[in-house]
Structure formats: C-alpha cells, structure tokens
Amino acid sequence: MSRNLNILQAISEAMDQKMEQDGRVVLLGEDIGTNGGVFRATDGLLEKFGEDRVFDTPLAESGIVGSAIGLALGGMIPVAEIQFLAFMYPALEQVLSHAARMRFRTRGEYSLPMVIRTPYGAGIRGPELHGESVEAFFVHTPGLKVVVPSTPYDAKGLLVSAIEDPDPVIFLEPTRTYRAFREEVPEALYRVPIGKAKVVQEGRDVSIFAWGSMLQLAISTARQLQVERGYSCEIVDLRSLAPLDRDTIVASVQKTGRALIVQEAHKTAGMASELISLLNDEALVYLKAPIKRVSGFDVPVPFFSVEDDFMPTQARVKQGIVDTMLF
Amino acid sequence: MFEYKLADIGEGMHEGEIVRWLVKEGDDVLVDDPIVEVQTDKVTAELPAPVTGKIHHILAKEGAMVPVGSTLVIIADAQARPAPQLPAGPSEAMLHDDSAQPDLPVAPKPDGVVAERFTSGDRGHTAPLAKRALATPHIRYLARQMNIDIEQVEGTGRGGRVTEEDLRRFRDDLLEMSSGSVTDEKVGEALTKTPERAASPDATAHQNGRVERVALKGIRKRIADHMVKSVSTIPHVTSVDELEMDSLHGLRERLKTVAQARGVKLTFLPFFVKAIVIALREFPIMNASLDDETGDILLKHYYHIGIATDTDDGLIVPVIKDADQLTVFQLAQEIASLAMAARTGKLRLDQVTGGTFTISNVGSIGGLYATPIINHPEAAILGIHKMEPRSVVRDGVSVIRTMMNISLSFDHRLIDGATAVRFTNRIRSLLEDPDQLFLEMM
C-alpha cells in the first residue's frame, strides 16, 4: 500500500520505521525532540520512542557529531540532524578528522554506522549561511558517503539504506523541495541502494546530470526544449555523489555525445568539475561538443531574494543545452 | 528573382574560390555578360550572367571557397518582381545546413579569439598557414575509425569545423577515385599518411613550433592525388639517353633573328615538340592510353602535347592542341601564350585537359636526369634536362660537345623497354640532325 507523501514526510517515515525495527537507532540534534525539528522532520518521534531514543542537544554542532561518533563506537546507530548544512562548519573537525577516518585509523576494527542528516541548498529566502551547497567538501573526503535524494520515494529508500550502512553517511536533504511535491511512497520498508544513479528520462541528444533541487529544474527545462526545439534530453539523477555511479554516467554520454551538468554549488572545484574529469577520462572520444556546466557563482551564497540571481535558472539551463546542441 | 548557383564547371569539382566580382550590387547585367571569376583547382573561369536583370544581392564574398550548389548571387530578372526579405545573419536553419553558409570560414560571434584565428589575414588567399583541422573528439575518433587523415578534410561546419558529413563526403570521394575496385581500408592506406601518424596527430607536438602544419589543398592537393593515382596504377619504367645538341644549337642561332623579325622568341622547346610529334606518329603506342575500366588500349590519332609548367601555385600542364598541325613558329607562339596564361592563372579548362603526351622541361632550372611521373592516363612522359658542354668521345678522340639528357618514363603495361629506346633513338636522330625535320614537313 502506498500514499502520496512529500520528501519531508518520507524522511520522517524512514526514521520512524527504522527505529521501530531496530532498537539501536537513536536521534539527536538541536530542537528535534520537543519541537519536532526545525523543519519538523522528527515531529512526534519523541512522544513515540521516548527520551532514551530521541534527544535534544545543546547548540553545539561539534558536540552533536562527536556524540554521534561515540554512540556509533558504542554499538548504537545515531542519526544526527544538523539544522542547515553551513552549521556543519563548527563540526568539521569531528566529521573530517574522526568520523571519516575511524575505519582507516583502526585498520578496519571499528566502523561508524551513523547518519548526519542536514537540509541544504538555497531557494527558501533564508538568511546568511542557510542556503549553502557545499557537498563537494564531503565528497572530497575519503571515508564518507554522500547521498542526495530528490524525490520522496528516493528520500525514504535512501535514508533506510543510509541508516543500515556500516559507514558514516552525509544525508543531504534539498530544503527547497521538502514540501514542493508529493508522490507515491510505499508504506513498507524498502531500500534504494547507495551508489546508483537513476536515468529519470531517456534521450538521444544530450545528457543532463543533476541532483537535489536541480533535478526538477532539469526536468522542466528539458520538457520545454522538447516542445520548442525537439531536443531529446536524457536526464540522470545522480542520487549518490560518493560513491559516484560512474558506469551510468559514462554510458549515458557514450550514447548522447553531449553533456550538461546543473549544479547549485559554487562553480569552482565542485561536483560538475569532477564529472567533467570523469567524462574526459572515460568518454572523450564520444564527445560532440564541450561539456557544459550551469552552476552557482564563486561568491558566498547571497541571502533573501538575491539568491534568485545566484541559483541556476531555467533560462541559464536552457541556454546551456542550446549551446551544446548547436556547438 | 534568379538564384545563380555555382555549378560543376568541369572535372567533378566540389568547390571554387571566388576570385573577383566583375559586377556590384545594383548593377544591370545582360544575359551572358561575365559577372564573376571563379577559380577551381586548376583553372580560372569567368561565369556569365544567366539572365538579364539587376544584381540584387551578392552572397559569396571575394576570396571565399564556395561549395558547388550554393548560391553565388541573386539577380532581379528583367520582369521585376518585389525582392524577398533576406535574412540579416545566419539563421539557425543555416547553422544546421552546412551548405547554406557559402562564405566560410565564419566564426561564431562570442568567440572573439576563435574568430580572429581563422579569419585573420588576407581572405583573398585560400591557403591558410599552419591550420590544424578543427573537430570535436567524436569526429576525430570517427576519422580514425574510417582511416582518414582529418587534416586533409575540408571542414564545412561552424567556424570551419569538420563535420560527420564532411568525413563521409571525403571517404566517398576516395572510393569514387578508386573506381570501387579497392577496399575501403586500402583506399585509406593509399591516401592517408601512415595510420600510426594519423592515430597520434601530436607526434611532432614536442617540437615546440618547429614543425609547421600546412593544409594540403587546392592545386597542391590536386597534384598530390593525381601523382598517387598515376604511380599506383601505372608501372613506371624510366629510360635515360643523352643527345648532342650542337647542330640544333646552330640552327636555332641562325633562325633566331628571323624569328625576332616576326616577333617570336624562338626557344628549343618548339623543336622538341616537333621532333616528339614526328616520333609519336611512328610509334602510336607512345601516344596511347589504357582504359582502366575496359582494359582496352586507346590509340589516339591526334597529338595534344602537355607542357609541364612551373607556377607559383605548383605544377600545371597546359596542353598544345593538335601540335602536329602547327609550324615551329606557331608552336613557339602557342607555348609562350600558354605559359603566360598559366603563370597568371588565366588558363581555361580546355587548355589543361585532353593531353596525349607530356613534356617536362626542367632543363632551364638544372638537374642531370629524373624519373618523371606519367600524367595519368597517358602512356609516357619525356623529361628534358640541362644543356651543357661535356667531354665526349667521337672517333676515338675526346671532344667537347653541347650535350643534353632526356628521361622517358613509360607505362610498362603497354610499352616494352626496346620500344621505348627505339622511340628515344628516333627523337635523338631528329634533334641531333635537325635537317631531317625538313623531310617531315607537311
């Protein structure tokens, strides 16, 4: 049986069902208990599972992640919430120096089965440090898995996989799409594997790679270009940034010969750069045009309405596709 | 409105260079008035106006290479009708349709650097210096798979890029040239450089600019293709002889003043042509060709003698038609006028085609002897070399004589060595004793 859920409800259901199924799963973060979380992802879970399973923490991100590491080492499965991705900065010492390295440091003796959930990305008219897309920091760090769902179905299935994963998973939730749309989500527990991209729409002319809230932008732009110019766009939702599904990405470009990457993050040294490198290595001789990227700019993410000028727009994505098609 | 398109004006040409417009927009023209000079691989042709009317819009600019079939000019014909709106710039449809851009190379506007690189310099000159073929990796990969050296392919895409279509056209042309008798791969081998080289275009990159890449195109390309065809189909043998030239030298000295009085500069070449034509009549097989398709030998009862001529653009072979019907004076005049036309690029197509035998006269430049390559599909070619005093033995005594070497390359499928030597012996006897030429007068 399935219901129409939005991404936030799907995430909440994944935690609820995993907590029911596995007593080791615990939740921690700022205002996640009594208040139900800043976006209400954990609403009702304190009442259902009690103070031993769901606990509010002080406003100290380093402490949240550090505690999660300790819990994981002690045999629990902590799911920590960081209120916004940029609030991870005070916790980077714990994330990069300890969470990412524990398996390596102990020669495989200990792994850290833990999840750090955090909303990310602009588009919600937030103040400073509420709209970052710095996923590349974590992708760049060996020892972390980085997962970005862009639909309710994937959100539930990927979070279940993340909680069951033996290693630390950074679970990035595209804030702008939390309540943007609903889709059928099965009531039963199911998994979407980490490390597998999804071809959302098959096409012949150009491959569009996107993740998070950029996926909807890619889909709507492709639809417009199909009508206006008859372009057949293939759309690939990466879903997992680390590990990257190299096979799916390369196969798509081998088929179409053209690629466009839509990335909300700053332009320099982001995921798009990594994808271009990969395609350069694996698909060069198939390329009919230079690979295009449409991204944010190399400035701090602006706040309130100025963020509209920072984020990729439909006009920019469209121009990028037309440029690569007419090269 | 009449759209005047560039037609194939001979030899299966694919493109022509617009040398000069003889009219400008707004001019009135009468049907058959010359309106534009177009240069093909070998000749310059004046194209006449197809209709009477007013020059409405010139689409092909001077200096542009224009593919056959593209519109050169739009003429408002005499029954004046309103002019259609012309697009201001290349429309998107034109970007997709390569043939719709007659004045390539045109670089896309935003790429200022690219634009400058490929349009700088005098557009009147067609041979760009050190040009590297422009192509995406996908196209380069295809070219390698098709065993085509991409540097030889003319790009007709945006900014002069090589397109998939260009590769196919290039391959089809190769196949056509080989009459389909050779496999795809063999054609590639014959006409591209070695596959290793093609596979690593940057083999010389480490030379840091000490190697200059120049596109093989136009007349040079034409010569290259022609030479490859000749040596790959005709088994060549070259026979060398030497001639004593003192008698002819004396004869020419005596006649020079007579010629001058008639306004003719008398060189040795007309005498050579005369002697060769006499010998050709006696040895018909030397004036023959082999029909590659039917395998028949074609014996020609006319004598059109090609004179290989060095020009700034390369080797061109103007042809003296019916050389057996001309006097020595007339030959001298014809040679002079053809040479002038060749050097100024004014040769007409009929002046460079239809030869039956070719003379390669490089004696004025130097060299002892050579192994000339036959002008396919002819049967032989005669190289004429430097005239100089040499010590030779006559009646057991060393004496000094004016000597000259000749080299005859012949098609060994048709001609045996003995026949070839008898042929050059005959030429030798006619030139060493030029009085004999009187006996052959008609």
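Residues numbered from 1 in each chain as written. Chains lettered and ligands numbered in written order. Predicted model: local features only at pLDDT ≥ 70, side-chain atom pairs only at ≥ 80, totals over all residues. Heavy atoms only, no water.

So, on to the overall build of chain B. Broken down by element type, chain B carries 12 helices and 17 strands. Counting the 442 residues in chain B, one finds 43% classified as buried. In chain B, the proportion of contacts linking residues at least 24 apart, taken out of those at least 6 apart, comes to 62%. Accessible area for chain B stands at about 23,000 Å²; split by element, carbon and sulfur atoms hold 54% of it. (Helix = DSSP H or I, 4+ residues; strand = E, 2+ residues; numbered from the N terminus. Buried < 20%, exposed > 50% of the residue type's maximum accessible area, 1.4 Å probe, protein only. Contact = heavy atoms within 4.5 Å. Areas by Shrake-Rupley, 256 points an atom, 1.4 Å probe, with all protein chains shown as cover.)

Glancing now at the overall build of chain A. For chain A, the helix and strand inventory stands at 12 helices and 14 strands. Considering only contacts in chain A between residues 6 or more positions apart, those separated by 24 or more positions represent 82%. Surface accessibility of chain A: about 13,000 Å² in total, with carbon and sulfur atoms responsible for 52%.

Attention shifts here to the interface of chain A and chain B. In this assembly, 9 residues from chain A lie in contact with 9 residues from chain B. In total, chain A and chain B occlude about 880 Å² of area from one another, counting both sides; carbon and sulfur atoms represent 62% of this. When residues of chain A are sorted by the area they lose upon contact with chain B, V285(A), L326(A) and F327(A) head the list and together hold 57% of the total. Where chain A touches chain B, the interface holds 0 salt bridges. Summed over the shared surface of chain A and chain B, the number is 3 residue pairs in polar contact (both at pLDDT 80 or more). Looking at side-chain class alone, the side of chain A that touches chain B contains 7 nonpolar, no polar and 2 charged residues. (Buried area = accessible area lost by both parts, 1.4 Å probe. Salt bridge = Lys/Arg side-chain N within 4 Å of Asp/Glu carboxyl O. Polar contact = N/O pair within 3.5 Å; in protein donor to acceptor, adjacent residues only side chain to side chain. Nonpolar A, V, L, I, M, F, W, Y, C, P; charged D, E, K, R; others polar.)

Moving on to the sheet that holds strand β3 (residues 28-29) of chain B. All names here are of chain B. Strand order in this open sheet of 4 strands is β1-β8-β6-β3, and the pairing throughout is antiparallel. Pairing within the sheet leaves two strands with one partner each, and these edge strands are β1 (2-5) and β3. The pairing of β1 with strand β8 (residues 71-77) spans 4 bridges and is classified as antiparallel. Bridge pairing in β8 links Y4 to V73. (Pairing = 2+ DSSP bridges.)

UniProt feature "domain: Peripheral subunit-binding (PSBD)" (unreviewed entry): in the numbering of this structure it lies at residues 134-171 of chain B. Secondary structure within residues 134-171 of chain B divides into 45% helix and 0% strand; the distance between the first and last C-alpha atoms comes to 18 Å. (UniProt positions renumbered as here; feature names shortened; annotations may be inferred.)

Right, let's get into the pairing of strand β11 (residues 233-237) of chain A. Residue and element names in this part refer to chain A. When you tally the buried positions in β11, you get 5 out of 5 residues, the bulk of the element. In this structure, strand β10 (residues 206-210) lies alongside β11, joined through 5 bridges in parallel fashion. Considered in β11, the bridge of A210 is made with D237. Crossover connection from β10 via helix α8 (residues 214-229) to parallel β11: handedness right-handed. (Right-handed = clockwise from strand over helix to strand, strands pointing away.)

What follows deals with the packing of aromatic side chains. Applying the stated rule across the entire model yields 11 aromatic pairs over all chains. Ring geometry for Y153(A) versus Y190(A): centroids 4.5 Å apart, planes at 20 degrees, classification stacked. Of this pair, Y153(A) sits in helix α7 (residues 152-164) while Y190(A) sits in the loop between β8 (183-186) and β9 (198-201), and the two are 37 residues apart along the sequence. Taking relative accessible area as the criterion, Y153(A) reaches 31% and is therefore assigned partly exposed. Ring centres of Y286(A) and Y141(B) lie 6.2 Å apart, and the angle between their planes is 40 degrees; on these two criteria the pair is classed as tilted. Residue Y286(A) is found in the loop between α10 (271-283) and β14 (292-294), and its partner Y141(B) is found in helix α3 (residues 137-145); the two belong to separate chains. On the basis of relative accessibility, which here comes to 28%, the residue Y286(A) falls in the partly exposed class. For Y141(B), a relative accessible area of 26% puts it in the partly exposed group. In this structure an aromatic cluster arises from ring pairing among F39(A), F84(A), F87(A) and Y178(A). Here the guanidinium or amino end of R161(B) rests over the ring plane of F327(A), the centre of that ring lying 3.6 Å away. (Phe/Tyr/Trp six-rings, centres within 6.5 Å; stacked < 30°, edge-to-face > 60°. Lys NZ or Arg CZ within 6 Å of the ring centre and 35° of its normal.)

All names here are of chain B. In the predicted model, chain B carries a mean pLDDT of 79, and 79% of its residues have values of at least 70. This stretch, residues 80-129, has a pLDDT under 50; its non-local contacts, to residues over four places away or in other chains, come to 58 contacts. Overall fold confidence for the complex sits at a pTM of 0.53, while the interface term, ipTM, reaches 0.74. (pLDDT = per-residue confidence, 0-100.)

A few words on the pairing of strand β13 (residues 259-262) of chain A. Residues and elements named next belong to chain A. By the alternation rule, side chains of β13 split into A259 and I261 and L260 and V262, which are all buried. As judged from the 3 bridges shared by β10 and β13, these two strands associate in the parallel manner. Within the sheet, the bridge partner assigned to I208 lies in β13 and is L260. The pairing of β13 with β14 spans 3 bridges and is classified as parallel. In the strand pairing of β14, L260 is matched with K292.

Glancing now at helix α9 (residues 246-256) of chain A. Residues and elements named next belong to chain A. Taken together, the buried positions of α9 are I249, V250, S252, V253 and T256. End-on, the buried residues of α9 take up no more than an arc of 160 degrees, which puts them together on one face. Where α9 is buried, its residues contact β10, β11, β13 and α10. Positioned one or two residues after α9, G257 has a phi angle of 80 degrees, which is positive. (Arc of directions from axis to C-beta.)

Residue and element names in this part refer to chain B. At a closest axis distance of 9 Å, the pairing of helix α9 (residues 269-282) and helix α11 (residues 417-432) adopts a crossing angle of 135 degrees. Classified by the angle between their axes, α9 and α11 sit oblique to one another. Here the hand of the crossing between α9 and α11 comes out right-handed. On α11, the residues that touch F271, F272, A275, I276, I278, A279, L280 and E282 of α9 are F423, R426, I427, L430 and L431. Split into classes, the residues belonging to the contact of α9 with α11 amount to 11 nonpolar, no polar and 2 charged. (Axes fitted to C-alpha atoms, helices over the stretch in contact; angles between N-to-C directions. Parallel < 35°, antiparallel > 145°, perpendicular 65-115°, else oblique. Left-handed = near helix turned anticlockwise from the far one by under 90°.)

Next up on the list: the pattern of salt bridges. Note that side chains of opposite charge can pair when their charged atoms are close. Residue and element names in this part refer to chain B. Applying the stated criterion across every chain, the model contains 41 salt bridges over all chains. Of the charged contacts in the structure, one is a salt bridge between R390 and E388, with a shortest N-O distance of 3.1 Å. Looking at R390, the relative accessible area reads 18%, which means it is buried. Taken together, the shared-partner salt bridges connect E242, K386, E388 and R390 into one network.

Under the 1.5 Å per step criterion, the end-to-end length of helix α12 (residues 314-326) of chain A is 18 Å for 13 residues, consistent within 8% with the ideal 18 Å. The complete set of buried residues in α12(A) reads V317(A), G320(A), I321(A), V322(A), T324(A), M325(A) and L326(A). (Expected span 1.5 Å × (residues − 1).)

All right, on to a nonpolar patch on the surface then. Together, Y89(A), L129(A) and F137(A) give the surface a local cluster of nonpolar side chains, amounting to about 250 Å² of exposed area. Structurally, L129(A) is set in the loop between β5 (115-120) and α6 (135-139). (Patch = residues over 30% accessible without salt bridge, like charges linked within 9 Å, V, L, I, M, F, W, Y side chains within 5 Å.)

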